[in-house]
Amino acid sequence: MSLMTTHADRDKKADATTRYRLTITAGSGLVGTTLALSQDREATIGCGERCSLVVPSSRVAPTHCRLRYEDGEWMLRCEEQPSGELCVVIANDGRCSEMPLCHGDRIEVGGYRLRFEDATLADDDFAEWLPPITLVVRSGPALPDPRLTALSAETVLIGHSDTALWQLPDRTVSRHHCRIETDGDGWIVRDLGSKNGTYLNGERVSRGRLRHDTRLGIGRYSIIVEIEE
């Protein structure tokens, strides 16, 4: 009997167990949490306790969006708010109302980013080559989510807009103020042409290297960077 495992065998095994999944890769909590998706059951995301994936945020509706397996693919659909407007969902950096999901797609719900994965393709696609980064507000206007963590290879858009992953809702913060990202050597901050500037340890920068205990100034917010060594 052959001990070789073929791609077909692996596909059958994945289909029978947890071929598809969502992983939280950035947010104020739950980072690293994974939700296995079943093709015969709808999955819901929201702050309601009955949702398949509960994300506790004031920016998330009780049922914010739904995922359903239809005609051989997973479909993402946004829910309506009581006002009749669709809940805000960002998929691969753009607003969406519904879309088919492919391996590697990134979905933002409130202050959380989720990565859609096909386990038969996910072996080496998202290697964790840098330690996670955590941003913690030390002073500034009150925030519902004063802390955000992101895994390696993620980006964090910061601003006062509801399309920003980390929303700092203050008039001193630009709509899209700055972005936290990686450059191959570590984490950096990049200013996005903000009106009031981005400050690194008190110095205004257009781009700067982030290290553990770096102090980041964005509008009236003073933020401390935590990077695991």
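Only a predicted model underlies this, so the values are computations on that prediction, with no experimental measurement involved.

Enquirer: Help me understand the overall build of the protein chain in this model?
Expert: When you go through the protein chain residue by residue, the secondary structure sums to 1 helix and 22 strands. Here the protein chain holds 229 residues, and 47% of them are scored as buried. Summarising the internal contacts of the protein chain: among those between residues at least 6 apart in sequence, 43% fall at separations of at least 24. Approximately 11800 Å² of the protein chain is accessible, and the part contributed by carbon and sulfur atoms is 46%.

Enquirer: I keep staring at the sheet that holds strand β4 (residues 53-54) and nothing clicks. Help me out?
Expert: Sheet strands pair by backbone hydrogen bonding; their relative direction is either parallel or antiparallel. The 5 strands lie next to each other as β4-β3-β5-β6-β9, forming an open sheet whose pairing is mixed. Since the sheet does not close on itself, it has two edges, and those belong to β4 and β9 (98-101), each with one partner. Relative to β9, strand β6 (residues 73-78) runs antiparallel, the two being bridged by 4 bridges. Residue pairing for β9: L76 is matched across the bridge by M99.

Enquirer: Help me out: how do you make sense of the nonpolar core in this one?
Expert: Grouped together as the largest cluster of nonpolar side chains are 27 residues, with contacts concentrated most on I133, I158, W166, L168, I180, L210 and I223. Considering each element in turn, this core owes the most residues, 4 residues, to strand β22 (residues 221-227). Contact partners of I133, with chain neighbours within four places excluded, come to L148, T149, A150, I180, W187, L210, V225, E226 and I227. Listed in part, the 25 residues of the second largest apolar core include I24, L53, L101 and Y112.

Enquirer: Explain the side chain of S194 to me, please; I cannot follow it from the model alone.
Expert: With respect to the secondary-structure elements, S194 resides in the loop between β17 (187-191) and β18 (198-200). The exposure class assigned to S194 is buried, which follows from its relative accessible area of 6%. Side chain to side chain, S194 and H177 meet in a polar contact 3.3 Å long. Reaching out from S194, the side chain makes a polar contact with the backbone nitrogen of G197 at a distance of 3.1 Å.

Enquirer: Would you take a moment to explain the sheet that holds β17 for this structure?
Expert: If you trace the 5 strands from one edge of the open sheet to the other, you get β15-β14-β16-β17-β20, paired in mixed fashion. Whereas interior strands pair on both sides, the edge strands pair on one side only; in this sheet they are β15 (166-167) and β20 (207-209). Inspection of the sheet shows strand β14 (residues 156-159) paired to β15 by 2 bridges, in the parallel sense. Bridge assignment links G159 to a residue of β15, and that residue is Q167.

About the criteria used
Residues numbered from 1 in each chain as written. Predicted model: local features only at pLDDT ≥ 70, side-chain atom pairs only at ≥ 80, totals over all residues. Heavy atoms only, no water. Helix = DSSP H or I, 4+ residues; strand = E, 2+ residues; numbered from the N terminus. Buried < 20%, exposed > 50% of the residue type's maximum accessible area, 1.4 Å probe, protein only. Contact = heavy atoms within 4.5 Å. Areas by Shrake-Rupley, 256 points an atom, 1.4 Å probe, with all protein chains shown as cover. Pairing = 2+ DSSP bridges. Core = buried A, V, L, I, M, F, W, Y, C linked by side-chain atoms within 4.5 Å. Polar contact = N/O pair within 3.5 Å; in protein donor to acceptor, adjacent residues only side chain to side chain.

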